[in-house]
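# Chains, contacts and geometry: an overview
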Amino acid sequence: MREETSLALLISIAVILAPLSIASIGGATAIYAPLQHEVVDLRQWITGREFLDLFAICRFTPGPSSLLGALIAFKVAGLLGALVAMVALYLPSSMLCYSVSRVWATHKGKPWHTAVERGLTPVAAGLILAGVLALFQLSGGDLLTGAVMVAVAGMLTWKRKMHPFPLLIGGAIAYEASYLLGYLNYAAT
Amino acid sequence: MTEAAVKQPGSAAPAEPKIPVTYTAVYSVFFWIGLFSFGGGLMPWIQREIVIKRGWMRDEDFLPGVAMAQILPGVNSTNMAVYVGRHLLGVSGAAAAIIGILTGPFVIMLVAAYSYKAILGVPALHAAMAGVAAAAIGMLLRMGVLAVGTTGKGVLPIVVMISVFLAIGVMKWPLVPVVLVAVPLSVLIAWPWGRKSGGDVDA
């Protein structure tokens, strides 16, 4: 519906997404609500239904969920819009991460560095396990998901260097078989 | 700083790298990881490619990055790409890693934008994607179990770990306040009390 990809449009894409890059604390899901508010309610670039469709695409294609911002920009402003969106989405948070890890590396070996390093490890472990639980619940929290998870974790314990491909494909086969046998229901949208 | 380490991988990674660290190598590792990143849980894969298989980093250098990538704003996997890329080859390494991890998803997203009605109409495809996601969570579970083993001596780090898990995973409390309390507390626990600086801090 928009033929001209004006500079103003590209700027507003950047202006919307760049703050979300820094605001997305705790993963990309934090940006859904503000993004929806901006592009559907305020600017009316897309409808609520289109937003949900694009959200579903992002769930079923690889990559971080915040790619939704780039997908919306692509719909509104074409390839150039999508590229502007990518820079706005990932450059600010990357620059922050770069600066912090650079400072981190230059102080290596100092006693406080070792203490922070050791202090971060239990926090990381807790966050990883919390992530496992959150993703498990997001995926429905069913027996099949649990079984695939435990099987994959077990395989990796047995063969530490095992390549992820067979594991991921094995998961896909288990689900596909359950679907074909009628144990899973996926309504076509 | 680390820019000087290009094609001298020995100075970039303490362990003997099995594969030389170059921009192309870094880009392609993250390209393949990004291409198959369904449903989160990329950290164990990055760990496998960077630490276990290639020996470019040690676990002690890698794991603080995992915490950092999750605590800092932004996407965990892109933050981790920046962290690892910077560690290996400085600013250009960080750029190679993050562009690598995003190339595949970006291109696929553009293709999907044209064909999404068809994709969403195939339930069998949903099932396969859900299966891939479940396997990825399993990889994360394994990494979590391993990370539990590296939490350090004593009961207190375990308490910190369980508290963080309960606060974020079970109580669904917001990340920022939890981390602002847990990290300083955990660092205090790990602080080398009573030992003068320069002692056996890295025992």
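Bear in mind the structure is a predicted one, so any value in this text is a computation, not a measurement.

## Digging into the overall build of chain A
Per the secondary structure count, chain A includes seven helices and zero strands. Reading chain A from its N end, one meets helices and strands in the order α-α-α-α-α-α-α. Considering chain A as a whole, with its 189 residues, one finds that 47% of them fall into the buried category. The long-range fraction of contacts in chain A, counting pairs at least 24 apart against all pairs at least 6 apart in sequence, stands at 46%.

## Topic: the overall build of chain B
Check the secondary structure of chain B and you find eight helices and zero strands. Ordering the α and β elements of chain B from the N terminus gives α-α-α-α-α-α-α-α. Buried residues in chain B amount to 56% of all 203 residues. Considering only contacts in chain B between residues 6 or more positions apart, those separated by 24 or more positions represent 60%. Approximately 8,500 Å² of chain B is accessible, and the part contributed by carbon and sulfur atoms is 73%.

## Focus: the interface of chain B and chain A
Contacts between the two partners involve 99 residues from chain B, matched on the other side by 88 residues from chain A. For the chain B and chain A pair, buried surface summed over both sides reaches about 8,500 Å², with 77% attributable to carbon and sulfur atoms. Taken together, the links from chain B to chain A amount to six residue pairs in polar contact (both at pLDDT 80 or more). Secondary-structure elements contributing two or more residues to the side of chain B that touches chain A are α2 (23-35), α3 (43-53), α4 (59-71), α5 (76-120), α6 (123-148), α7 (156-170) and α8 (175-190) of chain B. The element that contributes the greatest number of residues to the side of chain B that touches chain A is α6 of chain B, accounting for 24 residues. Class assignment for the residues of the side of chain B that touches chain A results in 67 nonpolar, 20 polar and 12 charged.

## Observations concerning empty space enclosed by the protein
Considering all chains together, one arrives at four cavities of 30 Å³ or more under this definition. Put simply, the largest cavity is a space of about 140 Å³. Around the largest cavity, the lining residues are L156 and R160 of chain A together with P44, Q47, R48, I52, M139, R142, M143 and L146 of chain B. When residues of the lining of the largest cavity are traced back to their parent elements, those giving at least two are α3 and α6 of chain B. When its residues are assigned to classes, the lining of the largest cavity shows six nonpolar, one polar and three charged.

## As for helix α5 (residues 111-138) of chain A
For α5 of chain A, which comprises 28 residues, the first-to-last C-alpha distance of 40 Å matches the rise-based estimate of 40 Å (1.5 Å per residue) to within 8%. Immediately beyond the C-terminal end of α5 of chain A, within one or two residues, lies G140 of chain A, with a positive phi of roughly 110°.

## Overview of a nonpolar patch on the surface
Residue and element names in this part refer to chain B. Among the surface-exposed residues, I162, L166, V170, M171 and W173 lie close enough to one another that they form a single nonpolar patch of about 480 Å² accessible area. Note on placement: M171 falls in the loop between α7 and α8. According to the relative accessible area criterion, M171 is partly exposed, its value standing at 47%.

## A short note on the confidence of the model for chain B
All names here are of chain B. Summing up the model confidence of chain B, the mean pLDDT is 82 and the portion of residues at 70 or higher is 84%. Mean pLDDT in chain B bottoms out at helix α1 (residues 9-12), which sits at 42, and peaks at α2, which reaches 95. Long-range and interchain partners of residues 1-14, a stretch whose pLDDT sits below 50, account for 24 contacts in this model, where long-range means more than four residues apart. In this model, residues 197-203 is a region of pLDDT below 50 whose contacts with residues beyond four sequence positions or in other chains number 10 contacts.

## Some thoughts on the nonpolar core
Of all hydrophobic cores here, the largest spans 122 residues; its most connected members are L35 of chain A together with F30 and V84 of chain B. Per element, the largest residue contribution to this core is 19 residues, and it comes from α5 of chain B. Each of domain 1 (2-150) and domain 2 (151-194) of chain B accounts for three or more of the residues forming this core. If we ignore the near neighbours within four places in the chain, the residues touching F30 of chain B are I46, I50, A81, V84, A97, G100 and I101 of chain B.

## Quick word on unusual backbone geometry
In this model, Q44 of chain A sits at a positive phi of 50°, which is unusual for a non-glycine residue. Given a relative accessible area of 57%, Q44 of chain A falls into the exposed group.

## A word on the pattern of salt bridges
Charged atoms that come close allow side chains of opposite charge to pair. Applying the stated criterion to the full structure yields seven salt bridges over all chains. For D61 of chain B, the salt bridge is made with K108 of chain A, and the minimal N-O distance between the two is 3.2 Å. In this pair, D61 of chain B is assigned in helix α4 and K108 of chain A in the loop between α4 (67-106) and α5, connecting two distinct chains. A relative accessible area of 44% means that K108 of chain A is categorised as partly exposed. We note a salt bridge from R48 of chain B to E49 of chain B, for which the minimum N-O separation is 2.5 Å. Taking the relative accessible area as the measure of exposure, R48 of chain B reaches 8% and is therefore buried. By sharing partners, the salt bridges in this structure join K108 of chain A together with R58, E60 and D61 of chain B into a single network.

Procedures and definitions
- Counting restarts for each chain: residues are numbered from 1 in the order of the written sequence.
- Note on labels: chains are lettered from A, ligands numbered from 1, in written order.
- pLDDT decides what is reported in this predicted model: residues at 70 or higher carry local features, side-chain atom pairs at 80 or more are listed and counted, and totals for whole chains, interfaces and linings draw on all residues regardless.
- Note that the side-chain values use all heavy atoms of the structure and ignore hydrogens as well as water.
- A helix here means a DSSP run of H or I that spans at least four residues, while a strand means a run of E at least two residues long, and both kinds are numbered starting from the N terminus.
- Summary of the burial criterion: residues with accessible area below 20% of their type's maximum are buried, those above 50% are exposed, and those between are partly exposed, where the area comes from a 1.4 Å probe applied to protein chains only.
- Two residues form a contact once any of their heavy atoms are found within 4.5 Å.
- In this description, accessible areas are obtained by the Shrake-Rupley approach with a 1.4 Å probe, and a residue is regarded as covered only by the protein chains that are shown.
- Two parts lose some accessible area (1.4 Å probe) when they are put together, and adding that loss for both gives the buried area.
- Throughout this description, a polar contact denotes any pair of N or O atoms lying within 3.5 Å of each other; where both atoms belong to protein, one of them has to be capable of donating a hydrogen while the other can accept it, and for residues adjacent in sequence the pair is counted only when both atoms sit in side chains.
- The residue classification treats Ala, Val, Leu, Ile, Met, Phe, Trp, Tyr, Cys and Pro as nonpolar and Asp, Glu, Lys and Arg as charged. All others, Gly included, are polar.
- Buriedness for pockets is judged along seven lines, at least five of which must meet protein on both sides within 12 Å for an open set on the 1 Å grid over protein atoms alone, while cavities are sets there where a 1.4 Å probe fits but cannot get out, and lining residues have an atom within 4 Å of a point.
- Grid points are joined across faces, edges and corners, and a volume is the space filled by probe spheres set on the points.
- Expected span, for any helix, means 1.5 Å times one less than how many residues it has.
- Grouping into patches uses exposed residues only, defined as over 30% relative accessible area, and leaves out salt-bridged ones; the cut-off is 9 Å for like charges and 5 Å for nonpolar side chains (Val, Leu, Ile, Met, Phe, Trp, Tyr).
- Think of a salt bridge as a Lys or Arg side-chain nitrogen and an Asp or Glu carboxyl oxygen that are within 4 Å of each other.
- Scored from 0 to 100, pLDDT records how confident the predictor is in each individual residue.
- Only buried residues count toward a nonpolar core. Its members are Ala, Val, Leu, Ile, Met, Phe, Trp, Tyr and Cys residues joined through side-chain atoms within 4.5 Å.
- Domains are outlined according to an automatic or database domain assignment.

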